[in-house]
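Commentary on secondary and tertiary structure
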Amino acid sequence: MKVLLVGEYREGKLREESYDLVAFADSLGAQRSMVLVAPAGTVPTVDGTLYIADAAQCGEYNPEHHKRIILAAVEREDPDCIAFVHSSYGWDLAPRLAVALGAAQVSEVVAVAGDGAYEVNCCNAKLRRAVTPKTPRTILTIQAGAFSLEREPAGMPAIVPLDVPLEPDRIQFDGYEAAEKKGVDLGRAEIVVSAGRGVGKKENVGVIAELAKVLGGELGASRPVVDAKWVDHSHQVGTTGQVVSPKLYVACGISGAIQHVAGMKKADFVVAINKDRDAPIGEVADVLVVADVMQFVPALTARVMR
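Parameters at a glance
- Residues numbered from 1 in each chain as written.
- Predicted model: local features only at pLDDT ≥ 70, side-chain atom pairs only at ≥ 80, totals over all residues.
- Heavy atoms only, no water.
- Pairing = 2+ DSSP bridges.
- Helix = DSSP H or I, 4+ residues; strand = E, 2+ residues; numbered from the N terminus.
- Axes fitted to C-alpha atoms, helices over the stretch in contact; angles between N-to-C directions.
- Core = buried A, V, L, I, M, F, W, Y, C linked by side-chain atoms within 4.5 Å.
- Buried < 20%, exposed > 50% of the residue type's maximum accessible area, 1.4 Å probe, protein only.
- Contact = heavy atoms within 4.5 Å.
- 1 Å grid on protein atoms, 1.4 Å probe; cavity = no way out; pocket = protein on both sides within 12 Å on 5 of 7 lines; lining within 4 Å.
- Points joined across faces, edges and corners; volume = space filled by probe spheres on them.
- Nonpolar A, V, L, I, M, F, W, Y, C, P; charged D, E, K, R; others polar.
- Phe/Tyr/Trp six-rings, centres within 6.5 Å; stacked < 30°, edge-to-face > 60°.

Right, let's get into the sheet that holds strand 16 (residues 287–290). If you trace the five strands from one edge of the open sheet to the other, you get 13-12-14-15-16, paired in parallel fashion. Edge positions in the sheet fall to strand 13 (218–221) and strand 16, since each has one partner strand and no second. When the angles between neighbouring strand axes are averaged without regard to direction, this sheet yields 20 degrees. One ladder, built from four bridges, connects strand 12 (residues 191–195) with strand 13; its direction is parallel.

Attention now moves to the nonpolar core. In terms of nonpolar packing, the biggest core is built from 31 residues, with Val3, Leu5, Phe24, Val109, Leu140 and Ile142 touching the most fellow members. When contributions to this core are tallied by element, the ones reaching two or more residues are strand 1 (2–6), helix 1 (18–28), strand 4 (31–38), strand 5 (49–54), strand 6 (81–85), strand 7 (104–114), strand 8 (117–122) and strand 10 (138–142). Per element, the largest residue contribution to this core is six residues, and it comes from helix 1. Not counting residues up to four positions away in its chain, the partners in contact with phenylalanine 24 are Val3, Cys81, Ala83, Val112, Tyr118, Leu140, Ile142 and Phe147. Val6, Cys58, Tyr89 and Ala94 belong to the second largest nonpolar core, which has 25 residues in total.

Below, the discussion takes up the layout of surface pockets. Looking at the second largest pocket, its volume works out to about 730 Å³. Looking at the second largest pocket, it is lined by 35 residues, and the ones nearest its centre are Arg197, Pro224, Ser255, Gly256 and Ala257. Contributing elements (two or more residues each) for the lining of the second largest pocket: strand 9 (127–131), helix 6 (223–227), helix 7 (258–264), strand 15 (269–274) and helix 8 (293–305). Its residues placed into classes, the lining of the second largest pocket shows 12 nonpolar, 15 polar and eight charged.

Time to look at the packing of aromatic side chains. If you walk through the whole model with that rule in mind, you get three aromatic pairs. Both rings, one in phenylalanine 24 and one in tyrosine 118, keep their centres 6.3 Å apart while their planes meet at 45 degrees; by these two values the pair is tilted. In this pair, phenylalanine 24 is assigned in helix 1 and tyrosine 118 in strand 8, connecting sequence segments 94 residues apart. There is no split in this pair, since phenylalanine 24 and tyrosine 118 are both buried. Residues phenylalanine 24 and phenylalanine 147 carry aromatic rings whose centres are separated by 5.3 Å and whose planes lie at 75 degrees to one another, so their mutual orientation is edge-to-face. Note that phenylalanine 24 is positioned in helix 1 and phenylalanine 147 in the loop between strand 10 and strand 11 (158–161), a separation of 123 residues in sequence. Residue phenylalanine 24 shares its accessibility class with phenylalanine 147, and that shared class is buried.

Right, let's get into the sheet that holds strand 4. Strand order in the open sheet formed by nine strands is 9-8-7-10-6-1-4-5-11, with mixed pairing between adjacent strands. Edge positions in the sheet fall to strand 9 and strand 11, since each of these pairs with one other strand and no more. Averaged over all adjacent pairs, the angle separating strand axes in this sheet is 35 degrees, with direction ignored. Relative to strand 6, strand 1 is paired through three bridges, and the arrangement is parallel. Note that in strand 6 the partner of valine 3 across the bridge is cysteine 81. Contacting strand 1, strand 4, strand 5, strand 6 and strand 11, helix 3 (residues 63–77) crosses the sheet at an angle of about 155 degrees to strand 4. Along the sheet, helix 4 (residues 88–101) makes contact with strand 1, strand 6, strand 7 and strand 10, crossing strand 6 at roughly 160 degrees.

See the structure below:
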């Protein structure tokens, strides 16, 4: 199987999520190559062929230009699968490419189901379903954080410059506009203590907030807690909330859904408190405390306050 990965370059650097695509291809045991629109000196640390087009000529983002560049790489590689990160870049380009190639598209893949099927979330991410494409070639977008390399990226690609004839611009790229910040800015916090559904009820969130306060950190939350309106959305950590990279992350009663883990996996040190020793959050935690959150957290808070 051959997979063409579409890397992302934004605001002066290669997006780290591009390596999630490498992990996805490796999970398939596939032969992989990558196409990237970026300055000539931008080279990801990965083996294989890298098709690169100069962003100075075709724009850091221009859907028509970038589609033509990816199609040129497809023509050379003839891949069975073309994979994007499920981001604003990926979800804009993937359907354009699917139409151009007459290929099936599967959005926000979180796992490989086997036998040519891919797992995606459904029912507000409470369930998963397996989707099997019916075309020989498939276009995918991969959820950030769903696939991770077991070790630091390494390697040096064989670089193939792409000089694709481009039509006159119909779209002008003016740059990026940051979303308006509302409420707490968890991205700047050095310590984040997050409440999950395991805290039981809205009134118990205050216990988690108290721990965050005595540690000098900020209160975070998982999506189910926000959906239940126990805390404001500005506290949500995850792909539909804020991405955090604190020195310490404490997950209280959080099972560890992929969407949440993707938002906190860059934390330097992770402590998870969960009564289920087999909860997925344990796979990313440096320390897993198997205990009832509402018994352990007050005791921890009292100890810290001494």
